[in-house]
Amino acid sequence: MGSLAAADEPLPQLKYPQARRDDSIVDDYHGVLVPDPYRWMEQLDSEEVKEFVGAQAAVADAVLSTCDEHRGRLRKQLTALFDHPRFRAPFKRGVGSGSGSYYYYFHNPGLRPHSALYVQHGLGGDPSVLLDPNAFSDDGTVSLGMVGVSDAGDYLAYGTSASGSDWVTIRVMRVSDREHLPDTLNWVKFSRIAWTRDGLGFFYSRFPAPRDGEALDSGIKTDVNLNHEVYYHFLGTDQTQDVLCWRDPDHPKYIYIPEVTEDGKYVILSVSETSDPVNKLYYCDLSSLAHGLEGMKGTDGMLPFVKLVDKFEAYYGLIANDGTEFTFLTNKDAPRYKLSRVDVGEPESSWTDVLPEHDKAVLESACAVHGDKLLVNYLSDVKYVLQMRSLVTGELLHDIPIDIGTVNGISGRRVDSEVFVEFASFLTPGIIYRCDVSAEVPEMSVYREISVPGFDRNEFEAKQVFYPSKDGTKIPMFIVSKKDLNLNGSHPALLFGYGGFGMSVTPQFSVTRVVLMRHLGFVACVANVRGGGEYGEGWHRAGALASKQNCFDDFAAAGEFLVAAGYTNPTRLCIEGGSNGGLLVAACLNQRPDLFGCALAHVGVMDMLRFHKFTIGRAWTCDFGCSENEEEFHWLIKYSPLHNVRRPWEKGGRGWGGQYPPTLLLTADHDDRVVPSHTLKFLATMQHVLRAGEEGSPQTNPIIARIERKSGHGCGRSTQKIVCSLLSSRAAATSDLVLAPVLGLNCSVLFVNAWQIDEAADRYAFAAKMMGVSWID
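- The protein appears in an unreviewed UniProt entry as Prolyl endopeptidase from Urochloa decumbens.
- The Catalytic activity (unreviewed entry) field of the UniProt record for the protein holds the comment "Hydrolysis of Pro-|-Xaa >> Ala-|-Xaa in oligopeptides."

Written as structure tokens, this is what we have:
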């Protein structure tokens, strides 16, 4: 394990705050008594918690101040390298295709806190700023959460989020003169903006407003989210006049996401209860409403939705419709996904497969373009493959070659003859391709390419390896490093993992990774452990529920491989992960403290017995299980980070006589996805059990926490806070951007998983200091 002896200068004697332990709090889980002495830390707005946070911040500051030399250099290099123009793929709105259309896209010239939304008339038009989130707040803590442009391009509806919260406020702007309408919609969460074709308004989802006397600070509101509702908002009206379209008080845990078909005839309602890839599917024929949505005003009735799929048996995502014939992306009897079609106009109509499941690759997305064509996106051994197929028959029309990397987004519609594709890789900062799909043989041309001054891809190499896990399963892992690395076991290595919720971790460019490789000699590794979606639902399920231990075994095996292959050694192996990846790091920290030289755990789910009691945590029971079920409790108690901290130096402890490696936990005071109490309770438990800071304790390595103020779960932070993006999503093909995920633990790849430059400098300076890594000029 790494130790303070490896550092250039010894740390000051650390005095950790003694957190109050309430030993009277003991829960009975199916006959097993489990103490919870830090339950009071769940009251995030209490003075006692604030004092504890302040005291822990002082300890962290004392440790991090010893890393100032590395911190300053890292901050300087990160800032310089990140100061480059960035673009997202444009999406089109307006009068059909061609010169009448307007193109909308996000752009940041360098170090602005947020990317602004631009608009231009035609591809050759002069761009102008339509919406600049940098004007939302003085300190950059109010960000853009979602955008939706009406079909004619007349209006922009957008949602803002304060301090990284999942709660969103929607406002409306007239595009022609940038004038804001008085419309303001509150208590929006887990929603999208779904305009009707007439441009009179849009569908959205929200929760009921708090009752009088309840806390109104949504950023620290940790109550369970219940009774989601769908409304239609008419432009120019007050929210109180919105039309209630759907609610179901008999199922308060359901989450509803509305979507309007491209032809404008139908509104589709996706119904979810957990973050599992399963949903119910309802639809409403808007043309069947005798007096349209206007006729619903002032009535108590809801829209006459037809329940097309009324069981949580599979995932269904709308791809296209031709009249009553609908095509969906689904995993029904297809763990690697397929395309299926049904005619909702024929009640007895059966589902037919348009594009059957591939025998190896995962169908990530499909985008209907140029009438009856499909741009499909496969994931094969964690590498993307693009194809043009027939929407009618599923027949392969053309392969579309791309480099080894990640398709981060596809922008196109059936009325369009062009498609934009976002691409990135470990050594490619970003390319936006334009594809003319009306051509007999469509070709990808570079529309925009992101260039990072000072970055030369020829300095580095990226490779993929497959290593055996504990049970013999072959696990893929990417390794990025300087070229011609001498495998002598001396290099510092950063091992990243996630392993949950069917989310795939695919090749992405990272400024931080470049700085670490170039100036600290790091080898950067991404392990595609089970629990993710890299090989479909089978891979996901192999790392969930009773099989969750596979994730931790896979991650530990990745570390063992890196050591055995000569990339690094245990004193120089740093592990890192966020959210579910924070759980991964913490569980492995408990199980194998001997294997790692440093640990960085971001916003982790640490209390596996109570996570379901806060905000949207109930939706994660599909992956974890729930302590209220006896069998599932016994799964959870075995690896729950909070409940498995042991003294490695004691008989029966783990680590064969050593100590825990230097550990930095990271959380944010406005994280209403994984509430900060997870990290606070785990921190206090580690310091108490390991006797950190006590005279004579073998635990001399620091156990500290960095707590970000006015920030959330990694989403919605400013550009100065952006360093890398690692997660990809099956929802990558879209035009109206929903910048927050639904029910899950991650930030959507449509923007990025965001970390502060300052925070990145802190955590990697900490890792370098603890592992004795010197700066390379």
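Next, the rest of the story.
Focus on the overall build of the protein
Item 1. On a plain count of helices and strands, the protein comes out with ten helices and 41 strands.
Item 2. When each of the 777 residues of the protein is scored for burial, the buried share is 63%.
Item 3. Sequence separation of at least 24 residues holds for 62% of the intrachain contacts in the protein that already meet a minimum separation of 6.

Thoughts on the pattern of salt bridges
Item 1. Scanning all chains against the criterion turns up 44 salt bridges.
Item 2. Among the ionic pairs, D758 bridges to R75, the shortest N-O distance being 2.9 Å. In this pair, D758 sits in helix 10 (residues 757-770) while R75 sits in helix 2 (residues 68-82), placing the two residues 683 residues apart along the sequence.
Item 3. Judged by relative accessible area, which is 38%, D758 ranks as partly exposed.

A few points about the nonpolar core
Item 1. Formed by 132 residues in total, the largest nonpolar core has its most connected members in M477, L495 and F624.
Item 2. For this core, the leading source of residues is helix 10, giving nine residues.
Item 3. Residues in contact with L495, not counting those within four places in the same chain, are M477, C525, A527, F555, A558, G559, L562, L573, C574, I575 and E576.
Item 4. In this structure, L363, L386, M388 and V407 belong to the second largest nonpolar core, which totals 33 residues.

A closer look at the packing of helix 5 (residues 549-564) against helix 6 (residues 580-591)
Item 1. In contact at an axis separation of 10 Å, helix 5 and helix 6 are set at 75° when each is read in the N-to-C sense. Our classification of the angle between helix 5 and helix 6 gives roughly perpendicular. Note on element contacts: helix 6 touches helix 5 through L583, L584, V585, A587, C588 and Q591, opposite Q549, C551, F552 and F555.
Item 2. Among the residues forming the contact of helix 5 with helix 6, the class breakdown is eight nonpolar, two polar and no charged.

A word on helix 2
Every α-helical turn comprises 3.6 residues, leaving residues that sit three or four positions apart pointing alike.
Item 1. In this model, helix 2 (15 residues) spans 20 Å end to end at C-alpha, consistent with the 21 Å of a helix rising 1.5 Å per residue.
Item 2. Next to the buried residues of helix 2 lie helix 1 (47-64), strand 3 (86-87), helix 3 (511-520) and helix 10.

Here's the deal with the sheet that holds strand 31 (residues 444-449)
Item 1. The strand order across the open sheet formed by four strands is 28-29-30-31, and the pairing between neighbours is antiparallel. The open sheet has two edge strands, strand 28 (406-411) and strand 31, and neither has a second partner. Along the sheet, successive strands turn relative to each other by an average axial angle of 30°, direction set aside.
Item 2. Sheet analysis places strand 30 (residues 428-436) next to strand 31, joined by five bridges and oriented antiparallel. Bridge pairing in strand 31 links R434 to S445.

Details of helix 3
Item 1. Burial within helix 3 is extensive, with ten of its ten residues counted as buried.
Item 2. When we look at burial in helix 3, the residues that qualify are V511, T512, R513, V514, V515, L516, M517, R518, H519 and L520.
Item 3. Against the buried residues of helix 3 lie helix 2, strand 32 (460-468), strand 33 (474-482), strand 34 (493-497), strand 36 (523-527) and helix 10.
Item 4. G521, located one to two residues past helix 3, shows a positive phi value of around 70°.

Concerning the pairing of strand 20 (residues 316-322)
Item 1. Among the seven residues in strand 20, six count as buried, and that is most of the element.
Item 2. As paired elements, strand 20 and strand 21 (residues 325-330) share six bridges and run antiparallel to each other. Directly across from G317, in strand 21, lies its bridge partner L329.

Description of the sheet that holds strand 37 (residues 573-578)
Item 1. Taken in spatial order, the eight strands line up as 32-33-36-34-37-38-39-40 in an open sheet, and their pairing is mixed. Two strands close off the open sheet at either side, each with one partner strand: strand 32 and strand 40 (703-708). Averaged over all adjacent pairs, the angle separating strand axes in this sheet is 20°, with direction ignored.
Item 2. Both strand 33 and strand 36 contribute to a ladder of four bridges, which runs antiparallel. Looking at strand 36, one finds that F478 is bridged to V526.
Item 3. Docked against the sheet, helix 3 engages strand 32, strand 33, strand 34 and strand 36, running at close to 65° with respect to strand 33.
Item 4. Contacting strand 34, strand 37, strand 38 (598-602) and strand 39 (663-668), helix 6 crosses the sheet at an angle of about 140° to strand 37.

Focus on the packing of helix 2 against helix 3
Item 1. Running from N to C, helix 2 and helix 3 point in directions that differ by 130°, and their axes come no closer than 10 Å. Relative to helix 3, the element helix 2 is oriented oblique. Of the two elements, helix 2 crosses helix 3, and the hand of that crossing is right-handed. In contact with H70, L74, Q77, L78, L81 and F82 of helix 2, helix 3 contributes V511, T512, V514, V515, L516, R518, H519 and L520.
Item 2. Grouping the amino acids of the contact of helix 2 with helix 3 by side-chain chemistry returns nine nonpolar, four polar and one charged.

Description of the packing of aromatic side chains
Item 1. Going through the model one piece at a time under the given rule, you end up with 39 aromatic pairs.
Item 2. Consider the rings of Y266 and Y283, whose centres lie 6.1 Å apart with planes at 70°: the pair is edge-to-face. Here Y283 lies in strand 18 (residues 280-285) and Y266 lies in strand 17 (residues 266-272), a separation of 17 residues in the sequence.
Item 3. Note on Y266: relative accessible area 2%, which makes it buried.
Item 4. Summarising the aromatic geometry, the rings of F455 and F460 are spaced 6.0 Å apart at their centres and angled 10° between planes, so their arrangement reads as stacked.

Side note on the side chain of S677
Item 1. Mapping S677 onto the fold places it in helix 9 (residues 677-689).
Item 2. According to the relative accessible area criterion, S677 is buried, its value standing at 3%.

Digging into the environment of V342
Item 1. Topologically, V342 is positioned in strand 22 (residues 338-343).
Item 2. V342 sits 14 residues away from F328 along the chain, and the two C-alpha atoms are 8.5 Å apart.
Item 3. The residues contacting V342, other than those within four sequence positions of it, are L308, T324, E325, F326, F328, S349, S350 and W351.

Some thoughts on the confidence of the model for the protein
A low pLDDT score tells you not to read the predicted coordinates there in detail.
Item 1. Within the protein, residue pLDDT values average 89, and 89% of them lie at 70 or more.
Item 2. Segment residues 215-219 is flagged for pLDDT under 50; beyond a separation of four residues in sequence, or across chains, it makes 13 contacts in the model.
Item 3. Predicted confidence for residues 711-755 stays below pLDDT 50, and this span has 201 contacts to residues more than four positions away or in other chains.

Things to note about the environment of K483
Item 1. Secondary-structure assignment places K483 in the loop between strand 33 and strand 34.
Item 2. Spatially, the C-alpha atom of K483 lies 8.8 Å from that of A462, the residues being 21 residues apart in sequence.
Item 3. The residues touching K483, leaving out its near neighbours within four places in the chain, are N458, E459, F460 and E461.
Item 4. Within the local environment of K483, its side chain forms a polar contact with the backbone oxygen of N458, the two atoms lying 3.4 Å apart.

What about unusual backbone geometry?
Item 1. Positive phi values are uncommon outside glycine, yet N227 reaches one of about 65°.
Item 2. Its place among the elements puts N227 in the loop between strand 13 (201-206) and strand 14 (229-234).
Item 3. A residue is classified by how much of its surface remains accessible, and N227, at 33% relative accessible area, is partly exposed.
Item 4. Positive phi, close to 55°, is recorded for R691, a residue that is not glycine.
Item 5. Assignment of secondary structure puts R691 in the loop between helix 9 and strand 40.

What counts and what doesn't
Residues numbered from 1 in each chain as written. Predicted model: local features only at pLDDT ≥ 70, side-chain atom pairs only at ≥ 80, totals over all residues. Heavy atoms only, no water. UniProt positions renumbered as here; feature names shortened; annotations may be inferred. Helix = DSSP H or I, 4+ residues; strand = E, 2+ residues; numbered from the N terminus. Buried < 20%, exposed > 50% of the residue type's maximum accessible area, 1.4 Å probe, protein only. Contact = heavy atoms within 4.5 Å. Salt bridge = Lys/Arg side-chain N within 4 Å of Asp/Glu carboxyl O. Core = buried A, V, L, I, M, F, W, Y, C linked by side-chain atoms within 4.5 Å. Axes fitted to C-alpha atoms, helices over the stretch in contact; angles between N-to-C directions. Parallel < 35°, antiparallel > 145°, perpendicular 65-115°, else oblique. Nonpolar A, V, L, I, M, F, W, Y, C, P; charged D, E, K, R; others polar. Expected span 1.5 Å × (residues − 1). Pairing = 2+ DSSP bridges. Left-handed = near helix turned anticlockwise from the far one by under 90°. Phe/Tyr/Trp six-rings, centres within 6.5 Å; stacked < 30°, edge-to-face > 60°. pLDDT = per-residue confidence, 0-100. Polar contact = N/O pair within 3.5 Å; in protein donor to acceptor, adjacent residues only side chain to side chain.

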